[in-house]
There are 2 protein chains.
Amino acid sequence: MTIRDVAELAQVSTATVSRALSGAKPVSPAVVDQVRRAADELGYAGNGIASALRRSRTDTVGMVVPSIANPFFTGLVEHVEHALQDAGRQLFLCSSRSDPELEAQRLRSLVARQVDGIIISPVHGSLSTTAVRRAADELPLVQVDRYVTGVDSDWVGVDDDAALELVMEHLADRGVRSAAFVSSQLTNSSTELRVAGFHRHAERLGIAVREEDVLLGEYSIEWGRQAAVTLLAAGPRPDAVVCADDLIALGMLQACAAAGVDVPRDLLVTGFDDIPFAALSHPPLTTVRQPQAEIAAEAVRLLSRVLGAQEAPPSRVALRPSLTVRSSTSR
Amino acid sequence: MTIRDVAELAQVSTATVSRALSGAKPVSPAVVDQVRRAADELGYAGNGIASALRRSRTDTVGMVVPSIANPFFTGLVEHVEHALQDAGRQLFLCSSRSDPELEAQRLRSLVARQVDGIIISPVHGSLSTTAVRRAADELPLVQVDRYVTGVDSDWVGVDDDAALELVMEHLADRGVRSAAFVSSQLTNSSTELRVAGFHRHAERLGIAVREEDVLLGEYSIEWGRQAAVTLLAAGPRPDAVVCADDLIALGMLQACAAAGVDVPRDLLVTGFDDIPFAALSHPPLTTVRQPQAEIAAEAVRLLSRVLGAQEAPPSRVALRPSLTVRSSTSR
DNA sequence: TTGAAAGCGCTAACAA
DNA sequence: TTGTTAGCGCTTTCAA
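The rules behind these values
Residues numbered from 1 in each chain as written. Chains lettered and ligands numbered in written order. Predicted model: local features only at pLDDT ≥ 70, side-chain atom pairs only at ≥ 80, totals over all residues. Heavy atoms only, no water. Domains from an automatic or database assignment. Contact = heavy atoms within 4.5 Å. Buried area = accessible area lost by both parts, 1.4 Å probe. Salt bridge = Lys/Arg side-chain N within 4 Å of Asp/Glu carboxyl O. Polar contact = N/O pair within 3.5 Å; in protein donor to acceptor, adjacent residues only side chain to side chain. Nonpolar A, V, L, I, M, F, W, Y, C, P; charged D, E, K, R; others polar. Phe/Tyr/Trp six-rings, centres within 6.5 Å; stacked < 30°, edge-to-face > 60°. Helix = DSSP H or I, 4+ residues; strand = E, 2+ residues; numbered from the N terminus. Buried < 20%, exposed > 50% of the residue type's maximum accessible area, 1.4 Å probe, protein only. Near = heavy atom within 4 Å. Arc of directions from axis to C-beta.

Draft legend 1. Structural detail: the domain arrangement of chain A. All names here are of chain A. Domain annotation for chain A reports domain 1 (3-42), domain 2 (58-158 + 292-321) and domain 3 (160-290 + 323-329). Using C-alpha coordinates to define each centre, domain 2 is positioned 28 Å away from domain 3. Listed by partner, the interface residues are 14 residues for domain 2 and 21 residues for domain 3. Buried area between domain 2 and domain 3, summed over both chains or domains, comes out near 1500 Å², and the portion from carbon and sulfur atoms is 55%. On the domain 2 side of the interface with domain 3, the three residues burying the most area are Arg-146, Val-158 and Pro-321, jointly 37% of the side's total. Taken together, the links from domain 2 to domain 3 amount to zero salt bridges. Inspection of the domain 2/domain 3 interface yields four residue pairs in polar contact (both at pLDDT 80 or more). A breakdown of the residues in the side of domain 2 that touches domain 3 according to their chemical character gives seven nonpolar, four polar and three charged.

Right, dumping it as structure tokens:
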């Protein structure tokens, strides 16, 4: 079942069938009708692979995220898919499962599949560099949320320093004099910026931070639980725990409840991302809201700019976050 | 940068380059070396589209799920991706956003892209039928979790009746005499089976169900909240609320807390799926655990069977669920 | 073990 | 407006 079968049945050339069905070039209405009828009759679907080879474009954008178990990334993906659809493009989604090797493999695969462009949130600030650069050399590429150093590509994300300013000022307003920070390992840009922001604003606001109260693990509920246990076992309890994402914060809240530590009476806790589940915890979580839809829209816009072959210096767009205040910080 | 460039540099034919790089056909070690060197030097990546056209296979499986915001589906996707990787295949993920039209479009797109097979959790029991059948006519196709009527394809999911048996017997053990059910509209197989199972086992166990206490909306946190408001406003409160998925149950718990209804003292609540966040609510949620990894593995196995062109009558595999008991049902 | 050559299904020049 | 024709880059006969 190919375009030739349709052409024969419709008594026209294959070129005409192609033009009639794609609607790109002028074809007389009568012939279009004739071709459509023939195609319908045969149930002709078209071969996207052959078309892609000939046109050297796939109308597909690849996206690589560290995890699809994290609602922050799935939210981002949904918005990107939406934005892409308006541009008539499809999304090819890959998860790198926070593994630089798997990520490199995914990127190679996307390049081989000739996607038109790539949107990536790289796993690691340095270990991802080579693979990201290699992909960026072949294709338009935009980084979101996190970025690797040493690749000249566009980036969109949130202003992490501004986010921690919001958090720390809010905590200072609540009378917090000492704070802990729980995060993933410092292996990527946004994590680094969050830790740096935490320290900077803590110092500025006179909030004490003990070195052993900065705990680095990974972005997961389980690590939040473990960190809570560690934190509660060690010496004097700080007034607040600032978490680098909501998964960590939710694990933290659960472990606190289990340990009989009342949040917010005994301890304030904040998160980062404002995933849908942040409103459902006990107590509901105060957290930084990321402008997900805007990040997605901007990523797609940047990519389209590059796809349109418009040369421009790489943009770095840091969008302003806001703070969603809930009971985990309201005494 | 094509295979010809590599061939020229390595002083061999394009056929030899292809054979050397794919490793499929015998090539002398010296030549392989020579070709590899040339490919590396040029940074040759290969064109998957051209290869796919020639071989008429893409080593890619498409997956279509109703939502990627629902952790149940993302969990399933992760397991499928894992299982597929072992078979050297990639996953092309699409979300139908619970829209049969969008779903039909995604399916057409996957067929056009010549994926080797499709794994789908169809949106709607009847509105999805045509699109699913059309895809199944072209390609190997396996349905997971939900299925449409009237398509002869394999299916893997959970035994919904057995699941509701577990839930209802657990509730009966807890002394429940009356129960409500909150679910999505009855537009797909598993939802129907869950409602039917609820009624059947309620009757069998002598648990009273008032008609107005069966609320149908959608699988979302928000609907869980709304249903709670409706339920709490209307007449005498039942002893328990059985929810058809965890999102609904989590919304329900939140709204109960807000309304001052103490779970489990005043009301028992159960969910379905056992997503990671079900353990973090207040109180933690009693829920049906779906054997996600097994469902995914079985789906991939069934698909591989069909891909291997082994004719077999369609299988319907209903895996046994288990019950995760937490505080939302423990007085 | 290697090379020459055909052609996967489609679309874009070019010509009519 | 339509047809003819030449490939897109690759793999796979077939022949050597």
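Draft legend 2. The packing of aromatic side chains, seen in detail. The tally for this structure, following the rule as stated, stands at eight aromatic pairs over all chains. Ring geometry for Phe92(A) versus Phe92(B): centroids 4.1 Å apart, planes at 40°, classification tilted. Of this pair, Phe92(A) sits in strand E2 (residues 90-95) while Phe92(B) sits in strand E2 (residues 90-95), on two different chains. Using a relative accessible area of 3% as the deciding quantity, one classes Phe92(A) as buried.

Draft legend 3. Highlighting the protein's contact with DNA strand D. Neighbouring DNA strand D are 24 residues; Thr16(A), Arg19(A), Ile3(B), Tyr44(B) and Arg54(B) lie closest to it. In DNA strand D, atoms within 4 Å of the protein come from the sugar-phosphate backbone in 63% of cases. At a separation of 2.6 Å, a base nitrogen of DNA strand D approaches a polar side-chain atom of Arg19(A). Between DNA strand D and Tyr44(B) there is a distance of 2.4 Å, counted from a phosphate oxygen to a side-chain nitrogen or oxygen. Elements that contribute at least two residues to the surface near DNA strand D include exactly helix H2 (14-22) and helix H4 (48-55) of chain A together with helix H2 (14-22) and helix H4 (48-55) of chain B. Considered class by class, the residues forming the surface near DNA strand D number 10 nonpolar, nine polar and five charged.

Draft legend 4. Representation of the protein's contact with DNA strand C within the structure. If you check the shell around DNA strand C, you find 24 residues, and the closest are Ile3(A), Tyr44(A), Arg54(A), Thr16(B) and Arg19(B). Backbone sugar and phosphate groups make up 64% of those atoms of DNA strand C lying within 4 Å of the protein. Here a phosphate oxygen of DNA strand C sits 3.0 Å away from a polar atom, N or O, in the main chain of Ser13(B). Within the side chain of Thr16(B), a nitrogen or oxygen atom sits 2.4 Å from a phosphate oxygen of DNA strand C. Those elements that place two or more of their residues in the surface near DNA strand C are H2 and H4 of chain A together with H2 and H4 of chain B. Split into classes, the residues belonging to the surface near DNA strand C amount to 10 nonpolar, nine polar and five charged.

Draft legend 5. Examining helix H1 (residues 3-10) of chain B more closely. Residues and elements named next belong to chain B. Those residues of H1 not exposed but buried are Val-6, Ala-7 and Ala-10. All buried residues of H1 fall inside an arc of 100° around its axis, so they share one side. Opposite the packed face of H1, turned more than 90 degrees from it, sit the exposed residues Arg-4 and Glu-8. Of the surrounding elements, those touching the buried residues of H1 are H2 and helix H3 (29-42). Its side-chain oxygen 3.0 Å from the backbone nitrogen of Arg-4, Thr-2 forms the N-cap of H1. Two residues or fewer past H1, Gln-11 is found with a positive phi of approximately 60°.

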